[in-house]
Amino acid sequence: MLLDIYDPKAPPKAIGIDLGTTNSIVAYVRDGHPVALINCDGQELLPSVVHYADHGQVQVGRTAQSYVSRDPERTIVSVKRFMGKGANDVAGERLGAYRFARPANEDDARVVRFDLGGRTVSPVEVSAEILKSLAGSARDQLRSVGGAVITVPAYFDDAQRQATKDAGKLAGLDVLRLLNEPTAAALAYGLESKNNGLFVVFDLGGGTFDVTVLQLDDGVFQVKSTGGDTALGGDDMDQIIAKRLLASMGYGNGDATQIDVESVPPEVVGLVLGAARDVKHRLTDEERAVIQLPRRDGKGEATCVITRAEFTDAILPLLERAGRACRRALRDAGVQADALDGVILVGGATRVPAVKRYVAELFSQEPLAGIDPDLVVAAGAALHADQLSRSSDEVLLLDVIPLSLGIETMGGAVDRILPRNTTIPAGAKSTFTTYADGQTGFEIHVVQGERELAKDCRSLARFTLRGIPALPAGHARLEIGFGIDENGLLHVSAKELLTGIEQTVEVKPSYGLTDEQVEEMLIDALDHGESDFELRRLVESRVEGERILLATRKALDVDADLLDADQRSRVDSAIRELEQATQSASKPAQIEGAIAALDHATHDWAGARMNRAIKGALGGVAVTAVEKDVQGARGVDVQVAEHAENRTAMSPGSAVVFETGDTLERDDTPAVGAERP
Ligand code: ADP
Ligand code: MG
């Protein structure tokens, strides 16, 4: 046996952590290969369970797991399900026997807390205990630990990612980056060493399901789409078996469908969930499992028998849920199942024979399972941490955003700044201008979703950019920048380009979205696609109509003398028609028609105004004023700075006071690392 010789000058080792719902693992790279470190239990897999003893001692892993049935209320399992969640998000969601603290007020309700009797802890604090334990093991074995990469499910939203990062910091780790689990798995399989191909990563863990479509192009790989379900995994299989076991013990009058788990004593729930997991593992290798459990009436033990065939039948609905998410991910990526070059299995629950069979049928090919499905994510995280710490240019990692991000514009429409499935990191900018004269503030409303109107999307943040000097409508240039970093966190900046006044917010929604909600939002957008589009056109033409009315009235204030009586009456009647149309039209075409009529009625007048402007310029007016007035010649915009005292003239009921300019431009921030190995 060789002993590692400690070299005090050796650089700190970067580590990769798979912070799983059920199990967590820490790994590092030795001689170019990922190696799992041994944890406090003397194992590679650390059960993600934390026990808080009466006297303040905190235990993690197997020791903590042994308290699941002995002291269930102070033993937190599956904490990952609650990361970034608010107290109202978790109603009815309970896996262990622990209790949630009743929030004292609304502010308190932003973060769910576990009630340990006498004290409460947040999911971030619980996760930090798991990370502290893993980091401690790594320090013991590596002496000096550098940065860490922590993995998260691909569907984790902003709040959940932020919570994970916070847990890392609380554990004293230098978090280099959060990495999506499927992406980590692909790295562990060394897909980047092949040249081209299309792959699917199917990750069924204890609590989360992720599916990812990856495309490998000349050695560069890109996440084409992601999908999944944060509430689907081996735990759900345990629940199904647990109900059958409880029925055999005499609960629910012997009928599994009649069992209300809430009414079963917590220590019995803990015991039965443990037994159920054991049965499930045995059914992976055996055709039937037999187990003895205490009868409810206390009269000895009940013998429970569950066959693999029964188990396979019972979990079919779970597999079908996974199947639906897979088909959706393929559709999003625009990929047919027969175009796939490989399917990778990740997560302990993919050991279940029925799962393997289902995946093989779903994708019409045998999945790859060469690497231990429990270790593959940590291995990929370690490889990535190693790459980052050596700032090597080996791999290009691209992830995508699950839902479009944009802002609300005039009239309540949405301007999508980063479309759904944009690869991250990414940045994009869009320029807007003022709708009314003398606006000194802009309200910016950041929304997420696929619907055309802001009220149908999810509101992420609102903020106001103040202190803009009063300018005529259309003169201020407001640049909105969206930047999404490697961790999937969104930064929104708003800058008024003339004055340089700027404000930035980091969007951390207090409530997370579940996968079901993401799915609902997508289905909703499909269902409403056509009617939404019509509505959006109507809103936009209404805004356009109002803008033209405003500009024409302003032009009349200045240059009405250029119209003869006949022209004036035609302009006035076209204005009335357009006013009528913007107020009551139900079809965009009606407003568009009235706009065209007004445009026609003001055509000659616009020419006369242009002549006057040019003469004015020759008489000493600045050239820029001429340019502005030439733009204004079509009745759209005139140089009337005196109108600045007219404060924010918002249309009633509208929260937003700007409209889309025409300078939407995108600058895709260079992604992580360089292109090929
Ligand atoms: P997570 O990513 O959620 O932490 P893992 O990838 O560690 O989860 O998978 C844990 C799940 O895998 C648990 O539900 C566990 O019971 C299940 N599992 C582990 N080994 C087996 C096995 N041999 N047969 C069936 N299920 C298994
Ligand atoms: Mg996992």
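Note that this is a predicted model, so its numbers are computed, not measured. (Residues numbered from 1 in each chain as written. Chains lettered and ligands numbered in written order. Predicted model: local features only at pLDDT ≥ 70, side-chain atom pairs only at ≥ 80, totals over all residues. Heavy atoms only, no water.)

Chemist: What exactly am I supposed to notice about the packing of aromatic side chains here?
Modeler: Working definition: an aromatic ring pair is given by the centre-to-centre distance plus the angle between the planes. In this structure the tally under the stated criterion is four aromatic pairs. Seen in terms of ring centroids, Phe 82 and Phe 100 are 5.2 Å apart; in terms of plane orientation they differ by 70 degrees. Their pairing is edge-to-face. Highlighted residues: Phe 82 in the loop between strand 7 (75-76) and strand 8 (99-100) and Phe 100 in strand 8, separated in sequence by 18 residues. We classify Phe 82 as buried; its relative accessible area is 1%. Judged by its relative accessible area of 22%, Phe 100 is partly exposed. Over the ring of Tyr 67 we find Arg 70; its NZ or CZ atom is 4.3 Å from the centre of that ring. (Phe/Tyr/Trp six-rings, centres within 6.5 Å; stacked < 30°, edge-to-face > 60°. Helix = DSSP H or I, 4+ residues; strand = E, 2+ residues; numbered from the N terminus. Buried < 20%, exposed > 50% of the residue type's maximum accessible area, 1.4 Å probe, protein only. Lys NZ or Arg CZ within 6 Å of the ring centre and 35° of its normal.)

Chemist: What am I meant to see in the confidence of the model for the protein here?
Modeler: When pLDDT drops low, the exact placement of atoms in the prediction is not to be read closely. In this model, the protein carries a mean pLDDT of 80, and residues with pLDDT of at least 70 account for 82%. Here residues 392-396 is a poorly scored stretch, pLDDT under 50, and it has 20 contacts once near neighbours within four places are set aside; other chains count. A low-confidence stretch, residues 620-677 stays under pLDDT 50, and its non-local contacts, those more than four residues away or across chains, total 137 contacts. (pLDDT = per-residue confidence, 0-100. Contact = heavy atoms within 4.5 Å.)

Chemist: Sorry, what's going on with helix 12 (residues 565-584) here?
Modeler: In an α-helix, one turn spans 3.6 residues, which is why side chains three or four residues apart end up on the same side. Given a rise of 1.5 Å per residue, 20 residues ought to cover 28 Å, and the 29 Å separating the end C-alpha atoms of helix 12 matches this to within 8%. By the burial criterion, the buried members of helix 12 are Gln 567, Val 571, Ala 574, Ile 575, Leu 578, Ala 581 and Thr 582. An end-on view of helix 12 places all buried positions within 130 degrees of arc, on one side of the element. Relative to its buried face, helix 12 has exposed residues pointing more than 90 degrees away, namely Ala 565, Arg 576, Glu 577, Gln 580 and Gln 583. Sitting at the amino-terminal end of helix 12 is Asp 564, which places a side-chain oxygen 3.2 Å from the backbone nitrogen of Asp 566. (Expected span 1.5 Å × (residues − 1). Arc of directions from axis to C-beta. Polar contact = N/O pair within 3.5 Å; in protein donor to acceptor, adjacent residues only side chain to side chain.)

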